[in-house]
Amino acid sequence: MRSLNEHIREVRAFAPASVTNVSCGFDVLGFALNRPGDEVVVRRKKQGPMCISRVVGDANSIPTEVERNTSGAAILAFVKTMGLDDHFEIEIHKKMAIGTGLGSSAASAVAGVLAVNQFLERPLSKSELLPFALEGEKITSGGDVHADNVAAALLGGFIAVRSVQPVDIIPLHYPSQLACTVVHPHIELPTAEMRRILREQISLHDAVRQWGNIAAFVAGLQNEDLEVMRRSLNDVIIEPVRGKVIPGYEQAKEAALKNGALGSGISGSGPSIFALCDSQEVAQQAGQAMQRVFDELQIQSDVYVSQVNARGAEILEVKRKDERLKMKDER
Ligand code: HSE
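How each quantity is defined
- Residues numbered from 1 in each chain as written.
- Predicted model: local features only at pLDDT ≥ 70, side-chain atom pairs only at ≥ 80, totals over all residues.
- Heavy atoms only, no water.
- Helix = DSSP H or I, 4+ residues; strand = E, 2+ residues; numbered from the N terminus.
- Expected span 1.5 Å × (residues − 1).
- Buried < 20%, exposed > 50% of the residue type's maximum accessible area, 1.4 Å probe, protein only.
- Arc of directions from axis to C-beta.
- Contact = heavy atoms within 4.5 Å.
- Pairing = 2+ DSSP bridges.
- Domains from an automatic or database assignment.
- Buried area = accessible area lost by both parts, 1.4 Å probe.
- Salt bridge = Lys/Arg side-chain N within 4 Å of Asp/Glu carboxyl O.
- Polar contact = N/O pair within 3.5 Å; in protein donor to acceptor, adjacent residues only side chain to side chain.
- Nonpolar A, V, L, I, M, F, W, Y, C, P; charged D, E, K, R; others polar.
- Axes fitted to C-alpha atoms, helices over the stretch in contact; angles between N-to-C directions.
- Left-handed = near helix turned anticlockwise from the far one by under 90°.
- Patch = residues over 30% accessible without salt bridge, like charges linked within 9 Å, V, L, I, M, F, W, Y side chains within 5 Å.
- Areas by Shrake-Rupley, 256 points an atom, 1.4 Å probe, with all protein chains shown as cover.
- Near = heavy atom within 4 Å.
- 1 Å grid on protein atoms, 1.4 Å probe; cavity = no way out; pocket = protein on both sides within 12 Å on 5 of 7 lines; lining within 4 Å.
- Points joined across faces, edges and corners; volume = space filled by probe spheres on them.

## Observations concerning helix H6 (residues 204-222)
Stage number 1. Between its first and last C-alpha, H6 extends 27 Å over 19 residues, near the 27 Å set by a 1.5 Å rise per residue.
Stage number 2. Taken as a whole, H6 has its buried residues at Asp206, Ala207, Gln210, Asn213, Phe217, Gly220 and Leu221. The arc that holds the buried residues of H6, viewed along the axis, is 155°, so those residues lie on one side. For H6, exposure combined with an orientation more than 90 degrees from the buried face picks out Leu204, His205, Trp211 and Ala215.
Stage number 3. On its buried side, H6 packs onto strand S2 (29-44), strand S5 (158-163), strand S6 (168-172), helix H7 (226-232) and strand S9 (273-277).
Stage number 4. Immediately downstream of H6, the backbone of Glu224 shows phi near 55°, a positive value.

## Concerning the pairing of S9
Stage number 1. Extensive coverage of S9 is indicated by the burial of five of its five residues.
Stage number 2. Across the two faces of S9 the burial is the same, with Ile273, Ala275 and Cys277 and Phe274 and Leu276 all buried.
Stage number 3. Both strand S7 (residues 179-185) and S9 contribute to a ladder of five bridges, which runs antiparallel. Bridging from a neighbouring strand, Thr181 pairs with Ala275 of S9.

## Remarks on the domain arrangement of the chain
Stage number 1. If you check the domain split of the chain, you get domain 1 (8-171 + 311-319) and domain 2 (179-307).
Stage number 2. Computed from C-alpha coordinates alone, the two centres of domain 1 and domain 2 are separated by 24 Å.
Stage number 3. Contacts between the two partners involve 29 residues from domain 1, matched on the other side by 37 residues from domain 2.
Stage number 4. Buried surface at the junction of domain 1 and domain 2, summed over both partners, amounts to about 2400 Å²; 61% is from carbon and sulfur atoms.
Stage number 5. In this structure, Asp27 and Arg195 form a salt bridge, with 2.7 Å as the shortest nitrogen-oxygen distance.
Stage number 6. Counting the contacts that link domain 1 with domain 2 gives nine residue pairs in polar contact (both at pLDDT 80 or more).
Stage number 7. The set of elements that each furnish at least two residues to the side of domain 1 that touches domain 2 consists of strand S1 (8-20) and S2.
Stage number 8. At seven residues, the largest contribution of residues to the side of domain 1 that touches domain 2 is made by S2.
Stage number 9. Looking at the side of domain 1 that touches domain 2 residue by residue, the classes come out as 12 nonpolar, 13 polar and four charged.

## Let's talk about the packing of helix H1 (residues 70-82) against helix H2 (residues 104-119)
What describes two packed helices is the angle between their axes and the distance between those same axes.
Stage number 1. Between H1 and H2, the shortest axis-to-axis distance is 7 Å and the interhelical angle comes to 35°. Crossing handedness for the pair H1 and H2: right-handed. Contacts between H1 and H2 involve Thr70, Ser71, Ala74, Ile75, Phe78 and Val79 from the former and Ser105, Ser108, Ala109, Gly112, Val113, Val116 and Asn117 from the latter.
Stage number 2. Tallied by class, the residues present in the contact of H1 with H2 amount to seven nonpolar, six polar and no charged.

## Thoughts on a nonpolar patch on the surface
Stage number 1. A cluster of nonpolar side chains, Leu204, Val208 and Trp211, forms an exposed patch at the surface whose accessible area comes to about 360 Å².
Stage number 2. On the secondary structure map, Val208 appears in helix H6.
Stage number 3. Among the residues examined, Val208 registers a relative accessible area of 47% and is labelled partly exposed.

## Description of the site of the ligand
Stage number 1. Lining the immediate environment of the ligand, one finds Thr20, Asn21, Phe26, Asp27, His146, Asp148, Asn149, Thr191, Arg195, Arg242, Gly268 and Ser269.
Stage number 2. Take Arg242: an N or O atom from its side chain is 2.7 Å from an oxygen atom of the ligand.
Stage number 3. Protein coverage of the free-state accessible area of the ligand, which is 260 Å², stands at 98%.
Stage number 4. Grouping the constituent residues of the shell around the ligand by class yields one nonpolar, seven polar and four charged.
Stage number 5. The residue makeup of the shell around the ligand includes at least three contributed by each of domain 1 (8-171 + 311-319) and domain 2 (179-307).

## Quick look at empty space enclosed by the protein
Stage number 1. With the rule as written, the count across this model stands at one cavity of 30 Å³ or more.
Stage number 2. Asn21, Ser23, Asp235, Ile238, Ile266 and Gly268 together form the lining of the largest cavity.
Stage number 3. For the lining of the largest cavity, the residue count by class is two nonpolar, three polar and one charged.

## What about the pattern of salt bridges?
Stage number 1. Within the structure shown, the criterion is met by 19 salt bridges.
Stage number 2. Residues Arg54 and Glu91 are paired through a salt bridge, measuring 3.4 Å at the closest nitrogen-oxygen approach. In this pair, Arg54 sits in strand S3 (residues 51-56) while Glu91 sits in strand S4 (residues 88-93), placing the two residues 37 residues apart along the sequence.
Stage number 3. Given a relative accessible area of 7%, Glu91 falls into the buried group.
Stage number 4. Each of Glu10, Arg43, Arg54, Glu89, Glu91 and Lys319 takes part in a single network of salt bridges with overlapping partners.

## Considering the pairing of S6
Stage number 1. Bridge count between S5 and S6: five bridges; the pairing is antiparallel. Across the sheet, Ala160 pairs through a bridge with Ile170, a residue of S6.
Stage number 2. Here S5 hands over to S6 after four residues, the two strands then running antiparallel side by side.

Okay, structure coming up:
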């Protein structure tokens, strides 16, 4: 049984959005963005069970029962395992809608467990927090666990998921100049539904093509070989199914590639579309070109341009009973 630092009354944590699959790596590749991202504030209360006291932002779209909320379920799993009482209240600041393909549910789950870990003076490393955040993530994926968003949001950088059970995440090297544009058209596509529509069986021929792309893409990242990365950002398995469900998908992807992106594809389960680029300038241009496609279709959209976030989730603020202390997470 662990004991809480009784002097801490409130912790605010941030976890970033993430782009997963990265075209060729369904459920096994991902990277974190600088923005957007969710913030979760966890506060001690004197008594009573854990509750979600407030949701700021996308308030109507997420459940506020602890067990059905991704952040709540993740914190609950952590609290149980660590043998803590559950006198916490959780405030969730959603900076991105759910069902965007930006790992919104994973970000809230990650920020929640990171905050509670801080109350205990960080006994667990970020990697050790991953299984708890996954308990939250399970809720949105229809019970089908994928660790790509959670791992990217927690650890930052580019990651490969070698295995979910047991959890085995491999951080990947990447060229520092990489920049990414994500365009989020305002259409909601729930992750569970976007997983349900996928084919359960694929041909050996397609599998071989996809394995070739993944292997080459990871080598491209490692060797900072942008041309290899450009050739490998292809998806012959998932995109043909999901791309049809996203209005304007093909045109937006084409616009990104015409404007210099190394590659473009569906971010996570969509509808957001990412374009990976070799500089912020190219990312800006690709983003504007993609947004014009949605403007023409009269679909509202947001554009985010960001470098790869190397830090991942972090503690933004710790409030003590007697003082206010701002601190950065040391990871
Ligand atoms: N890899 C997951 C999927 C990510 O594509 O379903 C969900 O955001």
